[in-house]
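A closer look at the structure
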Amino acid sequence: MTTSAYGEGTLPKAVRSRMIRGVNGLDVHILEAGYESRGRPLALLLHGFPDLAYGWRHLLPLLADAGYHVVAPDQRGFGRTTGWVNSYDAPLASFSLLNMTRDALGLVSALGYRRTAMLVGHDFGSPVAAYCTLARPDVFPSVVLMSAPFPGVPAFPFDIADREPSSVRPNTDDQTLAAALAALDPPRQYYQQYLSTRGANDDMWHPPQGLHAFLRAFFHVKSADWPGNKPHPLKARTATELAQMPTYYVMDLGKTMPQTVAPFHPSAAEVSACKWLTEPELGVYTEEYGRTGFQGALQAYRVFSDPDLNAELRLLSGRTIDVPSLFIGGTSDWGTYSAPGALDLMRTKAATRMGDIALIDGAGHWIQQEQPVRLGALLLAFTKKTGAADHISDFGPGAR
């Protein structure tokens, strides 16, 4: 385990960066706070796309001040975590949801813990956190899902032994939706479909406006700072319903993501007023993605559309999230509704102990950066209510 300089002086003083070697085949880069004394319960924070462990920097010291050892890793494919192959043609199996669940489990073990007191997953980190609790509720006894509702586990057909086999071909829904979106006027394309293409990495790594300007526009347009974000539930997963979302979700067909967000680049005054992501802080993202590109981060989107890699999730067919759980979104975040019906499925079927659906005012997609104090208060209240941190002796060796 080594300590390294990170963040160009933008990290809070209480937060350190280090590498942890040999975690499920990875050398994992983490940011952590509250590490000075042993015996603290573990809070594990899992980021999404195109974020990094760095996205939790405002929240880390708040949770550490409340008594936690707080750890945020760069997930597989992101940032300074190494051990994955950075190529579009690399096998996708290592980026499967179950293997990324193993990454989280391996990290908890490497840190010397038997279980977490707080597990939080944002964006793509949300399904990873969900599968952590589905697979190992003994290690992950509570969960907070952010921005991406979890609709449940893919299931085997039930009670079909005496029925005629279905003539419907599996895994055709995405192709049917893509064709319907392309038939709209103007033609559209769902962002996950675009992010799965071979050209997406180079589009975003080397955009005409420059990487820094692209990232600034992308973070801005998905935040509460952009007045165009007025999310609401969608009635169905149809082309006409999805087309109500902004173009960063349902893109104009043929446009790249940098082309899509370029018209929404904030003014100089808006950039100066953005205290949750200053220019030096954005510079950390620019440096990290400038070095690695986006392909590792994009592999997860390709996994979503791979029938073989999704088939292994049926190992958990019929399972529900049975630990205390909470969903947190931003009032200006379309992520809560981007998968029509997912929020209701999570609340009524996928999670049996869903305590609440909390939407934070003044936050878009980047809740932990835009409103860390409000988020921290919700997390601490939830953990206190569940009593997850009450039994410190259970956390592992060395009073962990």
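In this report, the structure presented in the accompanying data block is examined.

Cut-offs and rules
Residues numbered from 1 in each chain as written. Predicted model: local features only at pLDDT ≥ 70, side-chain atom pairs only at ≥ 80, totals over all residues. Heavy atoms only, no water. Phe/Tyr/Trp six-rings, centres within 6.5 Å; stacked < 30°, edge-to-face > 60°. Helix = DSSP H or I, 4+ residues; strand = E, 2+ residues; numbered from the N terminus. Buried < 20%, exposed > 50% of the residue type's maximum accessible area, 1.4 Å probe, protein only. Contact = heavy atoms within 4.5 Å. Pairing = 2+ DSSP bridges. Right-handed = clockwise from strand over helix to strand, strands pointing away. Salt bridge = Lys/Arg side-chain N within 4 Å of Asp/Glu carboxyl O. Axes fitted to C-alpha atoms, helices over the stretch in contact; angles between N-to-C directions. Left-handed = near helix turned anticlockwise from the far one by under 90°. Nonpolar A, V, L, I, M, F, W, Y, C, P; charged D, E, K, R; others polar. Arc of directions from axis to C-beta.

Turning our attention to the packing of aromatic side chains. Taken as a whole, this structure holds 19 aromatic pairs when the rule is applied. Where Tyr6 meets Tyr54, the ring centres are 6.2 Å apart and the plane angle is 70 degrees; that geometry is what we call edge-to-face. With a gap of 48 residues between them, Tyr6 in the loop between strand E1 (2-3) and strand E2 (16-23) and Tyr54 in the loop between strand E4 (42-46) and helix H1 (60-65) connect regions that are remote in the sequence. With relative accessibility at 8%, the residue Tyr6 sits in the buried group.

As a further point, take the environment of Ser96. Within the secondary structure, Ser96 is located in the loop between strand E5 (69-73) and helix H2 (97-110). Between the C-alpha atoms of Ser96 and Ala300, which are 204 residues apart in sequence, the distance is 7.0 Å. Residues within four places of Ser96 in sequence aside, it is in contact with Val303, Leu309 and Glu312.

A word on the pairing of strand E11 (residues 354-360). Bridge analysis of strand E10 (residues 325-330) against E11 gives five bridges, and the strand direction is parallel. Considered in E11, the bridge of Ser325 is made with Met354. Following the chain from E10 across helix H14 (residues 342-350) to the adjacent parallel E11, one finds a crossover that is right-handed.

Counted by the stated rule, this structure contains 14 salt bridges. For Lys255, the salt bridge goes to Asp252, with nearest N and O atoms at 3.8 Å.

Now for the pairing of E2. Direction of pairing for E2 relative to strand E3 (residues 26-33): antiparallel, over a ladder of six bridges. By the bridge assignment, Arg18 is partnered in E3 with Ile30. Linkage of E2 to E3, two consecutive antiparallel strands, is achieved through a turn of two residues, within which Asn24 is found at a positive phi near 50 degrees.

One can find Ser94 in the loop between E5 and H2. Measuring from C-alpha to C-alpha, the distance between Ser94 and Gly77 comes to 9.8 Å, with 17 residues separating the pair along the chain. Setting aside residues no more than four positions away along its own chain, Ser94 makes contact with Arg76, Asn99 and Met100.

Let us now look at helix H12 (residues 295-304). By the criterion of burial, H12 is predominantly enclosed, with nine of the 10 residues buried. Among the residues making up H12, those that are buried are Gln295, Gly296, Ala297, Leu298, Gln299, Ala300, Tyr301, Arg302 and Val303.

In the contact formed by helix H7 (residues 211-221) and helix H11 (residues 279-292), the axes pass within 9 Å of each other and the chain directions differ by 120 degrees. Considering only the axes of H7 and H11, their crossing is right-handed. For the pair formed by H7 and H11, the contact residues are Leu211, His212, Leu215, Arg216 and Phe219 on the first element and Glu279, Leu282, Gly283, Tyr285, Thr286, Tyr289 and Gly290 on the second. When its residues are assigned to classes, the contact of H7 with H11 shows six nonpolar, four polar and two charged.

What H14 keeps buried is the set Ala342, Leu343, Met346 and Ala350. Taken around the axis of H14, the buried residues stretch over an arc of 115 degrees, which confines them to a single face. With respect to the buried face of H14, the exposed residues turned more than 90 degrees away are Thr348 and Lys349. Summarising the contacts, the buried residues of H14 are in contact with strand E7 (143-146), E10 and E11.

Keep in mind these values describe shape, not function.
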